[in-house]
2 protein chains.
Amino acid sequence: MTRYYFVMTTETDSRLAALLYRLVGLVRSREQATILNPVQWEALRYLHWANRFSASPKGATEYLGSTKGTVSQTLIALEKKGLIEKRQDAEDKRKIHLVLTPAGQELLTQDPQALLEEDLKSLPEDQRRLMEEAMENLLRVGLQRSGGKRFGFCRSCRHFREDAEEGAPYFCSLLGEPLAQMDADRICLEHDAA
Amino acid sequence: MTRYYFVMTTETDSRLAALLYRLVGLVRSREQATILNPVQWEALRYLHWANRFSASPKGATEYLGSTKGTVSQTLIALEKKGLIEKRQDAEDKRKIHLVLTPAGQELLTQDPQALLEEDLKSLPEDQRRLMEEAMENLLRVGLQRSGGKRFGFCRSCRHFREDAEEGAPYFCSLLGEPLAQMDADRICLEHDAA
DNA sequence: CTATTTTAGTTTCGAGTCGATACTTTAATG
DNA sequence: CATTAAAGTATCGACTCGAAACTAAAATAG
């Protein structure tokens, strides 16, 4: 199947929104050509980036901005493909921990989004900074409008403590749990900007 | 349903691709909350922008980067909703012309993408120019990689002629057809950059 | 001028998304 | 201890998606 894409010419007034749309659409179509669809890719990426309090159906649901029923199905699909595993929480039996299998980890090395990431990295440093800043602001505004909430890295949370317990380098004052190095540099559901 | 979104912090290395993804995802989720899904919105937008040689199932298929079977279904859905109409071409009976109904035109005034467009317009002029340029280049690179083709406005095509026939202001030297003012400022399937 | 091929579009298939709703199990709260 | 909340699953109907088979009409080739 040949794919065609529309690129607006600069001679008309700004069609930047459409341009963004098509750029993402390009990645999505690349994703569609793999064994995962775009939503499944997003879920797999999230699970990779989420810390142990967040790699759950609930966390994925909130991240994906979808409903728990839909996400439950997506996770079943990923499980059937042998990319993730479900483990019941020992303390709270309602909770499920989602972990990537070696196959899941392996698949992420062929993430179609990485190609866009590469292209973006080829932009001049100052240009990229500018865009990043603009994008963050736009996302902030957009999120406010739709009542969304920001996720963030554990390390930048106001509940993040450096006071080391024996064995663990960090500590979460909200959940009262010790934090491994790994958790600190990953996305947390409970993130509250410092 | 509450929606949550993840915003990467600038303290890590550039996650610009993810940022773009989430920004577009925000619009998509707004679209999902309407009577049309994201693909149907894209199709409706295309039909609005396409000139009379391009507002067809074939044109939509190429624009959407999908397969004709899928697009056929999407168009049936739009037709059932009373937003578009199908008209058989008088000369070539294989061809179908797709036209927006008044209801379709009306719905476009509530396009969720317009909100992003508005936000983008609030950016400083030079910043927007920069981004537009960067996005176009990225799209060009991406399209080359996936063997895609660029669409464009009729007016900027190398087959566009100003020599007026009686009645029509412009002319297409490829199709040998007179062009109305309306056609000239719309997207053409056959577009070939001058 | 007819036979073959190409083009435009539809139909059908199975897997999966999507929101909505109903449901189960387990934990928290009154 | 009863009620309520939370985490997940199951199921519904409309729809997307690629693939493949199909129809009808136009273009092309011998």
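What you see is a predicted model; the values in this text were computed from it and never measured. (Residues numbered from 1 in each chain as written. Chains lettered and ligands numbered in written order. Predicted model: local features only at pLDDT ≥ 70, side-chain atom pairs only at ≥ 80, totals over all residues.)

Describe the overall build of chain A, listing the residues and the values that go with them.
If you tally the helices and strands in chain A, you get 8 helices and 8 strands. Taking all 194 residues of chain A together, the buried fraction comes to 39%. A fraction of 50% describes how many contacts in chain A between residues 6 or more apart in sequence connect residues 24 or more apart. (Helix = DSSP H or I, 4+ residues; strand = E, 2+ residues; numbered from the N terminus. Buried ≥ 20, exposed ≤ 12 C-beta atoms within 10 Å, placed from the backbone. Contact = placed C-beta atoms within 7 Å.)

Lay out helix α1 (residues 16–32) of chain B in plain terms, naming residues and giving numbers.
Given 3.6 residues to a turn, an α-helix orients residues that are three or four positions apart in the same direction. In a regular helix each residue adds 1.5 Å, so 17 residues correspond to 24 Å; α1 of chain B covers 24 Å between its end C-alpha atoms and thus fits that length. Across the 17 residues of α1 of chain B, 15 count as buried, placing the element largely inside the fold. (Expected span 1.5 Å × (residues − 1).)

Give me the lowdown on the sheet that holds strand β5 (residues 160–161) of chain A, citing residues and values where you can.
What the 3 strands build is an open sheet, ordered β5-β6-β7 (chain A); its pairing is antiparallel. Each edge of the sheet is formed by a strand with only one pairing partner; in this case those strands are β5 and β7 (177–179) of chain A. (Pairing = 2+ DSSP bridges.)

Give a description of helix α7 (residues 125–145) of chain A that names residues and reports values.
All names here are of chain A. If you check α7, its first and last C-alpha atoms are 30 Å apart, about what 21 residues at 1.5 Å a residue would give, namely 30 Å. Where α7 is concerned, the buried positions are Met 131, Ala 134, Met 135, Leu 139 and Gly 142. Along the long axis of α7, the arc covered by the buried residues comes to 140°, so they all point the same way. Among the exposed residues of α7, those pointing more than 90 degrees away from its buried face are Glu 125, Asp 126, Glu 133 and Gln 144. (Arc of directions from axis to C-beta.)

Could you give an account of the nonpolar core, with specific residues and numbers?
Leu 20 of chain A together with Leu 20 of chain B are the most contacted members of the largest nonpolar core, which totals 32 residues. Those elements giving two or more residues to this core turn out to be α1 (16–32), α6 (113–121) and α7 of chain A together with α1, α6 (113–121) and α7 (125–145) of chain B. Other than its neighbours up to four places away in sequence, Leu 20 of chain B contacts Leu 20, Leu 23, Val 24 and Met 135 of chain A. (Core = buried A, V, L, I, M, F, W, Y, C linked by C-beta atoms within 7 Å.)

Tell me about the sheet that holds strand β6 (residues 170–172) of chain B, and please be specific about residues and values.
All names here are of chain B. With respect to topology, 3 strands assemble into an open sheet ordered β5-β6-β7, the strand pairing being antiparallel. Strands with a single pairing partner mark the edges of an open sheet, and in this sheet they are β5 (160–161) and β7 (177–179). In the sheet, β6 pairs with β7 via 3 bridges, with the strands oriented antiparallel. Opposite Phe 171, over in β7, you have Pro 178 as the bridge partner.

Explain the protein's contact with DNA strand D residue by residue, including any values.
With respect to spatial proximity, 28 residues lie near DNA strand D, and among them Ser 56, Lys 58, Gly 69 and Ser 72 of chain A together with Gly 69 of chain B are the closest. Of all the secondary structure elements, the ones that give two or more residues to the surface near DNA strand D are α1, α3 (57–64) and α4 (68–80) of chain A together with α2 (38–49) and α4 (68–80) of chain B. (Near = placed C-beta within 6 Å.)

Describe the protein's contact with DNA strand C, and please don't skip the residues or the numbers.
Lining the immediate surroundings of DNA strand C are 26 residues, of which Gly 69 and Lys 93 of chain A together with Lys 58, Gly 69 and Ser 72 of chain B lie closest. Elements with a minimum of two residues in the surface near DNA strand C: α2 (38–49) and α4 of chain A together with α3 (57–64) and α4 of chain B. Residues that form the surface near DNA strand C fall into these classes: 6 nonpolar, 13 polar and 7 charged. (Nonpolar A, V, L, I, M, F, W, Y, C, P; charged D, E, K, R; others polar.)

Could you give an account of the domain arrangement of chain A, naming the residues involved and the relevant values?
Residue and element names in this part refer to chain A. The assigned domain composition of chain A is domain 1 (1–126) and domain 2 (150–194). Contacts between domain 1 and domain 2 engage 9 residues on the former and 9 residues on the latter. Among the elements that take part in the side of domain 1 that touches domain 2, α3 stands out by supplying 3 residues, more than any other. Of the residues assigned to the side of domain 1 that touches domain 2, the class counts are 4 nonpolar, 3 polar and 2 charged. (Domains from an automatic or database assignment.)

How would you sum up the packing of α3 of chain A against α4 of chain A? Please name residues and give values.
All names here are of chain A. For the pair α3 and α4, interaxial distance at closest approach is 9 Å and the crossing angle is 115°. With respect to α4, the axis of α3 lies roughly perpendicular. Here the hand of the crossing between α3 and α4 comes out right-handed. Contacts from Pro 57, Ala 60, Thr 61 and Leu 64 in α3 reach Lys 68, Val 71, Ser 72 and Leu 75 in α4. Each residue belonging to the contact of α3 with α4 can be placed in one class, and the counts come to 5 nonpolar, 2 polar and 1 charged. (Axes fitted to C-alpha atoms, helices over the stretch in contact; angles between N-to-C directions. Parallel < 35°, antiparallel > 145°, perpendicular 65-115°, else oblique. Left-handed = near helix turned anticlockwise from the far one by under 90°.)

Could you give me a rundown of the environment of Ile 84 of chain A, with the residues and numbers involved?
Residue and element names in this part refer to chain A. Its location among the elements puts Ile 84 in strand β2 (residues 84–88). For Ile 84, a count of 22 C-beta atoms within 10 Å gives the class buried. Sequence separation between Ile 84 and Pro 38 is 46 residues; the distance between their C-alpha atoms is 16 Å. Setting aside its immediate chain neighbours within four residues, Ile 84 contacts Leu 47, Leu 75, Leu 78, Glu 79, Leu 98, Val 99, Leu 100, Thr 101 and Gly 104.

Please provide a residue-by-residue account of the confidence of the model for chain A, values included.
Of all residues in chain A, 89% have pLDDT values of 70 or greater, and the mean over the chain is 85. Throughout residues 1–12 of chain A the model reports pLDDT below 50, and contacts reaching past four residues in sequence, or to other chains, amount to 39 contacts. (pLDDT = per-residue confidence, 0-100.)

An account of the packing of α1 of chain A against α7 of chain B is requested, with residue identities and associated values reported.
The angle between the axes and the distance between the axes are what describe a pair of packed helices. Running from N to C, α1 of chain A and α7 of chain B cross one another at 30°; their axes reach a closest spacing of 10 Å. Regarding the angle of α1 of chain A to α7 of chain B, the classification is roughly parallel. Relative to α7 of chain B, α1 of chain A is oriented so that their crossing is left-handed. Where α1 of chain A approaches α7 of chain B, its residues Leu 16, Leu 19, Leu 20, Arg 22, Leu 23 and Leu 26 of chain A are matched on the opposing element by Arg 128, Met 131, Glu 132, Met 135, Glu 136, Leu 138, Leu 139 and Gly 142 of chain B. Taken together, the residues of the contact of α1 of chain A with α7 of chain B sort by class into 9 nonpolar, 1 polar and 4 charged.

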